[in-house]
Amino acid sequence: MNASIKQSLKKIGLYHPLQSAFRDTISFLQRLRYKTSYRKYKGGGFECNFCGASYRRFVPEYPTADIEQAIYGNKVIAGFGENVFCPNCLSKNRERLIKDVLDYYIDFAGKSILHFSPEKKLYQYVHSKATVTTIDLEPGFYKTIDPTIAQGDATQLHFPDEQFDIIIANHILEHIPDDEKAMKEIFRVLKRNGVAILQAPWSTNLPTTIEDRSIADPLQQAILFGQKDHVRIYTLPDYTSRLRRAGFTVTCIAPTELAQFQQHAIQEGEPVVLGYK
């Protein structure tokens, strides 16, 4: 979309509603298409832990040509793979992973939860069992998921200290130039003895995190970091070190332990990073 048209639509309050309507329409059409084309795979194999549908295979998602080198060359675990979307409800592998973690490792029912940039299926699930507050830098994109979502900057959260029992930041911090400031803010608003689920893409072969906060070119960001609004590719040791500097006690649930949930078509090879206060 032309930048001037985009700005004009934002000024009159139409940009986000139009974008959301477009995305919802695409999602609806995709769901109809997959429910039809994947009917032949129904039964056995994988089971969606949101809708309960079972298929021998789920819908794949692969990097586009412009980001292949960043993802495959750096061996980034970023949500791509053979079995990503549920053909029935379109839940994504990273949502299903977090649901399993909440169900098996965290007592979240009745708790206060802060959910950044809420994923549809995950939000609906936690909202049915807990008190959920959602925020995003551009909340208009998420109004169809949570009409009460507030505008919020992770580096300057407008909540008092120790407000939430649980915080879900699922693939958020790789977008934020001053990620360590955001980590400190997340730690600040987390209650004592609370836990934050802090997932991010990371490389299995880079010697250290690569980042450049000065780049403000979406094409360059996509080429270097694997997505047009990413500002870095983490390594896991560096990522967890940053979280510890922010004050967290960090625990990683290893992929070998998470393999028990593979029937839900979770992201293979992805550890879960939990930050405790």
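Residues numbered from 1 in each chain as written. Predicted model: local features only at pLDDT ≥ 70, side-chain atom pairs only at ≥ 80, totals over all residues. Heavy atoms only, no water.

Peer 1: Please clarify how the overall build of the chain should be interpreted in this entry.
Peer 2: Scanning the chain for helices and strands turns up nine helices and 15 strands. For the chain, the C-alpha radius of gyration of 19 Å lies close to 19 Å, the compact-globule estimate for 277 residues. C-alpha atoms of the chain, sized along the principal axes, occupy 50 × 50 × 40 Å. Considering the chain as a whole, with its 277 residues, one finds that 49% of them fall into the buried category. Within the structure as shown, the chain displays about 13400 Å² of accessible surface, and the carbon and sulfur contribution to it stands at 52%. Taking the 34 positively charged and 31 negatively charged side chains of the chain as two groups, their mean positions are separated by 5 Å. (Helix = DSSP H or I, 4+ residues; strand = E, 2+ residues; numbered from the N terminus. Rg over C-alpha atoms; globule rule 2.2 N^0.38 Å. Buried < 20%, exposed > 50% of the residue type's maximum accessible area, 1.4 Å probe, protein only. Areas by Shrake-Rupley, 256 points an atom, 1.4 Å probe, with all protein chains shown as cover. Lys, Arg positive; Asp, Glu negative; His and termini not counted. Charge placed at Lys NZ, Arg CZ, Asp CG, Glu CD.)

Peer 1: Whenever I open this one, a positive patch on the surface confuses me. Can you help?
Peer 2: Residues Arg31, Lys35, Arg39, Lys42 and Lys120 make up a contiguous surface patch of positive charge. Examined against the element boundaries, Lys35 turns out to sit in helix H2 (residues 15–37). (Patch = residues over 30% accessible without salt bridge, like charges linked within 9 Å, V, L, I, M, F, W, Y side chains within 5 Å. Salt bridge = Lys/Arg side-chain N within 4 Å of Asp/Glu carboxyl O.)

Peer 1: Whenever I open this one, the pattern of salt bridges confuses me. Can you help?
Peer 2: Two side chains that carry opposite charge are able to pair once their charged atoms sit near each other. All chains considered together, the criterion is met by 14 salt bridges. In this structure, Asp179 engages Arg213 in a salt bridge whose closest nitrogen and oxygen atoms are separated by 3.9 Å. Of this pair, Asp179 sits in helix H6 (residues 179–189) while Arg213 sits in the loop between strand S12 (210–211) and helix H7 (218–225); the two residues are 34 residues apart in sequence, bridging distant segments of the chain. Residue Asp179 is classed as buried on the basis of its relative accessible area, which comes to 0%.

Peer 1: Sorry if this is basic, but what is going on with the packing of aromatic side chains here?
Peer 2: Each aromatic ring pair is described using two quantities: the centre-to-centre distance and the angle formed by the ring planes. Counting across every chain of the model gives eleven aromatic pairs. Both rings, one in Tyr105 and one in Phe261, keep their centres 6.4 Å apart while their planes meet at 80°; by these two values the pair is edge-to-face. Linking Tyr105 in helix H4 (residues 93–105) with Phe261 in the loop between helix H9 (255–258) and strand S15 (272–276), this pair joins segments that are 156 residues apart in sequence. Put simply, the rings of Tyr34, Tyr38 and Tyr41 pair up and form one aromatic cluster. Directly above the ring of Tyr125 sits Lys99, whose terminal nitrogen or CZ lies 4.3 Å from the centroid. Over the face of the ring belonging to Phe187 we find Lys277, whose NZ or CZ atom lies 4.8 Å from the ring centre. (Phe/Tyr/Trp six-rings, centres within 6.5 Å; stacked < 30°, edge-to-face > 60°. Lys NZ or Arg CZ within 6 Å of the ring centre and 35° of its normal.)

Peer 1: Help me understand empty space enclosed by the protein in this model?
Peer 2: Where empty space is left in the structure can be found by rolling a water-sized probe over the atoms. Taken as a whole and judged by the stated rule, the model has one cavity of 30 Å³ or more. Leu198, Gln199, Ala200, Trp202, Leu236, Tyr239, Glu270, Pro271 and Val273 together form the lining of the largest cavity. Mapped onto the lining of the largest cavity, the elements with two or more residues apiece are strand S10 (190–199) and helix H8 (236–245). (1 Å grid on protein atoms, 1.4 Å probe; cavity = no way out; pocket = protein on both sides within 12 Å on 5 of 7 lines; lining within 4 Å. Points joined across faces, edges and corners; volume = space filled by probe spheres on them.)

Peer 1: What exactly am I supposed to notice about the sheet that holds strand S4 (residues 76–77) here?
Peer 2: The pairing of strands in a sheet comes from backbone hydrogen bonds and takes either a parallel or an antiparallel form. If you trace the four strands from one edge of the open sheet to the other, you get S4-S11-S13-S12, paired in mixed fashion. Looking at the sheet topology across the chains shown, the edges are occupied by S4 and S12. For strand S11 (residues 202–203) and strand S13 (residues 232–235), the ladder comprises two bridges, and the chain directions are parallel. What sits directly across from Trp202, in S13, is Tyr234. (Pairing = 2+ DSSP bridges.)

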